[in-house]
Amino acid sequence: RPNPNGHYVDGPILNMQYKSGVGHLPIPIVHGMTLGELALMINGEKWLPAGRRCNLVIVKNKNYTHQTMYQLPIAPSPNLPTMKSIYLYPSTCLFEGTPVSLGRGTEAPFEMYGHPNMTGYNYSFTPRSVKGAKNPPQLNKLCYGVDLRGLSNEEIYSKGINLEYIIAPHHNLKMGDKFFTSFFELLVGVDYIRTSIIDGKSANEIREMWKGDVQKFKIQRKPYLLYEE
């Protein structure tokens, strides 16, 4: 199927030290490939154990390129109900490795973030137990933070992975390393993002650190692409 975030590649390549159920391959956070292309790459790069290869039959999409802004006809999850949430997901999903709520248990999951102890914010929300989020972080607690729904879709996806969302509450809560759980590295795939945020580096400075990974991956994946970039 087409990839709704198939128009760009971003993020560091997974250090296999952090291989897990949420990151299993040495690819960036946003790989920008269709599942058919990714399957071809898995075979071609011999990423399956014991030299295994899948017998693939790929039915290509018509009229699709990697710059096609494909709109999903069905929400892939109760927690990704809108295209805006899907465009924000590569950035706001990183809150899963922190105590900050990303809006699970609200009407707009992945489109907001907040915490009961964040100060200086006018926007507030309270996560509730709902279908698809029975026990969300900060359940029934009034959280203060940011509503991202006012951003245009174009502004969101043009910036790619935006670490400013994570950096602001990290500095606001003043928790240091305790702001992050061990799950954070499984989500980002490397250890230097946590340490860079703690050291006070900006989002753009950290982006520069994975720029080489993006360039390397684009070259590596090129033989497996079925659609024009």
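What this report covers is the structure whose coordinates are included nearby. (Residues numbered from 1 in each chain as written. Predicted model: local features only at pLDDT ≥ 70, side-chain atom pairs only at ≥ 80, totals over all residues. Heavy atoms only, no water.)

1. Brief notes about the overall build of the chain
Across its full length, the chain holds seven helices and five strands. Across the chain, helices and strands are ordered from the amino to the carboxyl terminus as β-β-α-α-β-β-β-α-α-α-α-α. Here the chain has a C-alpha radius of gyration of 18 Å; the compact-globule value for 229 residues is 17 Å, and the two agree. Along the longest, intermediate and shortest principal axes, the C-alpha atoms of the chain span 50 × 40 × 30 Å. Buried residues in the chain amount to 47% of all 229 residues. Restricting to contacts in the chain with at least 6 residues of sequence separation, those with at least 24 account for 62%. Counting 25 positive and 19 negative side-chain charges, the chain places the centres of these two groups 7 Å from one another. (Helix = DSSP H or I, 4+ residues; strand = E, 2+ residues; numbered from the N terminus. Rg over C-alpha atoms; globule rule 2.2 N^0.38 Å. Buried < 20%, exposed > 50% of the residue type's maximum accessible area, 1.4 Å probe, protein only. Contact = heavy atoms within 4.5 Å. Lys, Arg positive; Asp, Glu negative; His and termini not counted. Charge placed at Lys NZ, Arg CZ, Asp CG, Glu CD.)

2. A word on the environment of Ala 133
Its place among the elements puts Ala 133 in the loop between strand E4 (123-125) and strand E5 (143-147). With a relative accessible area of 6%, Ala 133 lands in the buried category. In sequence terms Ala 133 and Pro 78 are 55 residues apart; their C-alpha atoms lie 8.5 Å from each other. Dropping the residues within four chain positions of it, Ala 133 is found in contact with Asn 79, Arg 104, Gly 105 and Arg 128.

3. Considering the sheet that holds strand E3 (residues 112-115)
Pairing in this open sheet of three strands is antiparallel, and the strands run E3-E5-E4 from one edge to the other. Two strands bound the open sheet, and with one partner strand each, they are E3 and E4. Direction aside, the axes of adjacent strands within the sheet are offset by 45 degrees on average. Note: E3 against E5, four bridges, orientation antiparallel. Residue pairing across strands places His 115 opposite Tyr 144, the latter belonging to E5. (Pairing = 2+ DSSP bridges. Axes fitted to C-alpha atoms, helices over the stretch in contact; angles between N-to-C directions.)

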